[in-house]
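Chains, contacts and geometry: an overview
What follows is the residue order along each chain.
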Amino acid sequence: MRILISIISTLLLFQVSRAQLPSLIPQPVEMTIGKASENFSIDNRSTQLFISDNKLKPAADFFINYIKKYYNLDLSLTTATDLNRKNVINLTLTKVADPNPEQYALGVSSKSVNIRSSSATGVFYGIQTLIQLLPPNAKAFPLQVQAVTITDYPRFAYRGMHLDVSRHFFDLSFVKKYIDYLAIHKLNYFHWHLTDDHGWRIEIKKHPKLTQIGAWRAGTIIGLYPGNGNDGIRYGGYYTQEEVKEVIRYAAERYITIIPEIEMPGHSMAVLAAYPELSTTPKLPKKVAETWGIFNKFNNVLLPSEQTFTFLEEVLTEVMDLFPSPYIHIGGDECSKIWWKQSAFSQQLIKEKGLKNETGLQSYFIHRVEKFVNSKGKTIIGWDEILDGGLAPNAIVMSWRGEKGGIAAAKQKHKVIMTPENFMYFNHAQFLKDDSLTAAKFLPLANVYNYEPVPAELSSAEAKYIWGAQGNLWSEYISNPAKAEYMLFPRLDALSEVLWSPKAKRNFSNFQQRLKQQLRRYDQMGIKYSKRYWEN
Ligand code: ACM
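The structure contained in this document is the topic of the report that follows. Everything quoted here is computed from the prediction, not taken from an experiment. (Residues numbered from 1 in each chain as written. Predicted model: local features only at pLDDT ≥ 70, side-chain atom pairs only at ≥ 80, totals over all residues. Heavy atoms only, no water.)

Quick look at the pairing of strand 17 (residues 327-331)
The line we're drawing: Three labels apply to residues, based on accessible area from a 1.4 Å probe with only protein chains included: buried if under 20% of the type maximum, exposed if over 50%, partly exposed otherwise in between. Numbering goes from the N terminus for both helices and strands, where a helix is a DSSP run of H or I of at least four residues and a strand is a run of E of at least two. One bridge is not enough; two strands pair if DSSP finds at least two bridges between them.
Most of strand 17 sits inside the fold, with five of its five residues counted as buried. Alternating residues of strand 17 divide into Tyr-327, His-329 and Gly-331 and Ile-328 and Ile-330, and every residue in both groups is buried. Where strand 16 (residues 257-264) and strand 17 come together, two bridges link them in parallel fashion. In the sheet register, Met-264 faces strand 17, and the bridge partner there is Gly-331. With three bridges connecting them, strand 17 and strand 18 (residues 379-383) associate as parallel partners. Across the sheet, residue His-329 finds its bridge partner in strand 18, namely Ile-381.

What to know about the sheet that holds strand 7 (residues 112-117)
Convention followed: Geometry is summarised by axes, namely lines fitted to C-alpha atoms with helices restricted to the contacting stretch, and by angles between N-to-C directions that run from 0 to 180 degrees.
In spatial order, the strands read 1-9-6-7-5-3-4; together these seven strands make up an open sheet with mixed pairing. Each end of this open sheet is capped by a strand with a single partner; those strands are strand 1 (30-33) and strand 4 (76-78). Strand-to-strand twist across the sheet, computed as the mean angle between neighbouring axes with direction ignored, equals 10°. Pairing of strand 1 with strand 9 (residues 148-152) involves four bridges; the strand directions are antiparallel. From the neighbouring strand, Ile-33 faces strand 9, where its bridge partner is Val-148.

Comments concerning the pattern of salt bridges
Where charged atoms of side chains with opposite charge meet at close range, the side chains can pair. Quick note on the threshold: When a carboxyl oxygen of Asp or Glu is within 4 Å of a side-chain nitrogen of Lys or Arg, the pair counts as a salt bridge.
Per the counting criterion, the structure on display carries 23 salt bridges. The partner of Lys-68 in a salt bridge is Asp-74, and the shortest N-O contact between them spans 3.3 Å. Owing to a relative accessible area of 37%, Lys-68 belongs among the partly exposed residues under this scheme. Taking the relative accessible area as the measure of exposure, Asp-74 reaches 27% and is therefore partly exposed. The salt bridge involving Glu-421 is made with Lys-441; its shortest N-O contact spans 3.5 Å.

A closer look at the environment of Leu-93
In plain terms, the rule: We call two residues in contact when some of their heavy atoms are within 4.5 Å.
Relative to the helices and strands, Leu-93 resides in strand 5 (residues 88-93). Once the C-alpha coordinates of Leu-93 and Leu-56 are considered, the two residues, 37 residues apart in sequence, prove to be 7.6 Å apart. Setting aside chain neighbours within four positions, we find Leu-93 in contact with Ser-52, Asp-53, Lys-55, Leu-56, Ser-117, Ser-118, Ser-119 and Ala-120.

A word on the pairing of strand 3 (residues 48-51)
Summarising the sheet, strand 3 and strand 4 pair through three bridges and their orientation is parallel. Bridge pairing in strand 4 links Leu-49 to Leu-77. In terms of strand pairing, strand 3 meets strand 5 through four bridges, oriented parallel. Residue pairing in the sheet places Phe-50 in a bridge with Asn-90 of strand 5.

Some remarks on the packing of aromatic side chains
Let me state the cut-off plainly: Here is the rule: rings of Phe, Tyr and Trp (six-membered ring for Trp) pair when centre to centre is within 6.5 Å. Planes less than 30 degrees apart are stacked, more than 60 are edge-to-face, and the remainder are tilted. Charge-over-ring contacts are defined here by two conditions on Lys NZ or Arg CZ: a distance within 6 Å of the ring centre and an angle within 35 degrees of the ring normal.
Counted according to the given criterion, the structure contains 32 aromatic pairs. Aromatic side chains Phe-174 and Tyr-178 sit 6.0 Å apart centroid to centroid with 55° between the ring planes, which places their arrangement in the tilted category. With Phe-174 and Tyr-178 both in helix 4 (residues 172-184) and four residues apart, the pair spans about one turn of that helix. Residue Phe-174 shares its accessibility class with Tyr-178, and that shared class is buried. Among the aromatic residues, those joined into a cluster by ring pairs are Phe-169, Phe-170, Phe-174, Tyr-178, Phe-190, Trp-192, Tyr-239 and Phe-323. Here the basic side chain of Lys-186 rests over the ring of Trp-500, its NZ or CZ set 5.6 Å away from the ring centre. Positioned above the aromatic ring of Phe-309 is the side chain of Arg-368, whose terminal nitrogen or guanidinium carbon lies 4.1 Å from the ring centre.

As structure tokens, then:
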């Protein structure tokens, strides 16, 4: 009997201690748990939200909208000061700078919830944590918020997620949802892959054919490449500049910088369908690509002519005028060299400029565009092929063909974003036997979770150039929002912990436990995440 009582009490203790730990993702740096009697209650209408500074309005609005949408609860916002106020959520901008500019402190007691930071960004992240302290299944008020004390800040300054809107187009409302998904995971960069062979997706006023022609393809390959024919259905879409501005505003209110990508000199079939004179074979007909993949024989590239550079400068000027981001992604990947080999103009340019070969020409191309972008006060980011033939002086490298490019760039003292395809491509299957049409590669949740962005071979001085990492969602086989959510979740959760949480705090089995509660939140939000993890 004594043994039985002891087993039961141990089980109870285990239950209690488990229940005391809130399921936060990403895991915060430091957290202590208070007594249950110190829990805070959010009441319908009587709880107030106080902001010490108007700069905190985006964070307050995010919380007010969230709690209205998912709990039908009205909170009132006040800027009135009353030091004895009770039943209040205080958002405070502090004067003394935190050691990490994105740091926040969160304290919950029965009297109040206090979120403090020296930056509005930090307060916004505190709000994201507070949201995760809310019970996702609550049907009755008041909402109980667990008593905790948290000090938190990110491990990496660059925490990114990408979306390819060229292979398939995602409308404005989904792009905004996607930005919300990044925000609730404390990510701060959205890489918007706006142009590729399969469609040009941003209005450029000076070159209207980019969207009149380049945004539309006559059909799409059916099934997994090489496929079962072509559906013959006209497909496309694009964002007007007004829509782009709306998305930029929406992201800024969530402390997310949008990095637009304008691909060059390869991945340009949509451009060349609209303006074949910019290709190496201006007289041959071109069309927006309908089949996935890169084919040397089919995918022509930009001719490195003055006309092309003028065109690119005009496009980039409009893009840079629209996007406040200090960074512009210029692609640079998978540019087939056969076209420049066969082009008399390109060969002449190689001779004239004293370049070694076509790889030298690619480097010349990127250097030249970098100079223009730099002249506007902005910095280029490129895929790791921009290392080939010599890196442009100020470029940031996105390492996707493994980590080699990133390591080489860091050794050359260039900032690096790690996005190796074997760990960070969320378009790859989550299961060996996937239940949907998916790129034929495998990336399970655990591999994302266990990814370490700082390669062991870098010295500590070199490691400082690893700016962060990013997940990529290429959309060849992702044709609608539900599929995008299926591929994104819960791998986005794993990514957020790689990017935010201290390395020593990462633990996959503990993460899986916390994920259960996160998935209840996704149920509440109507997110169509992959449920198969629980069946394995
Ligand atoms: C890439 O996947 N081509 C960057």
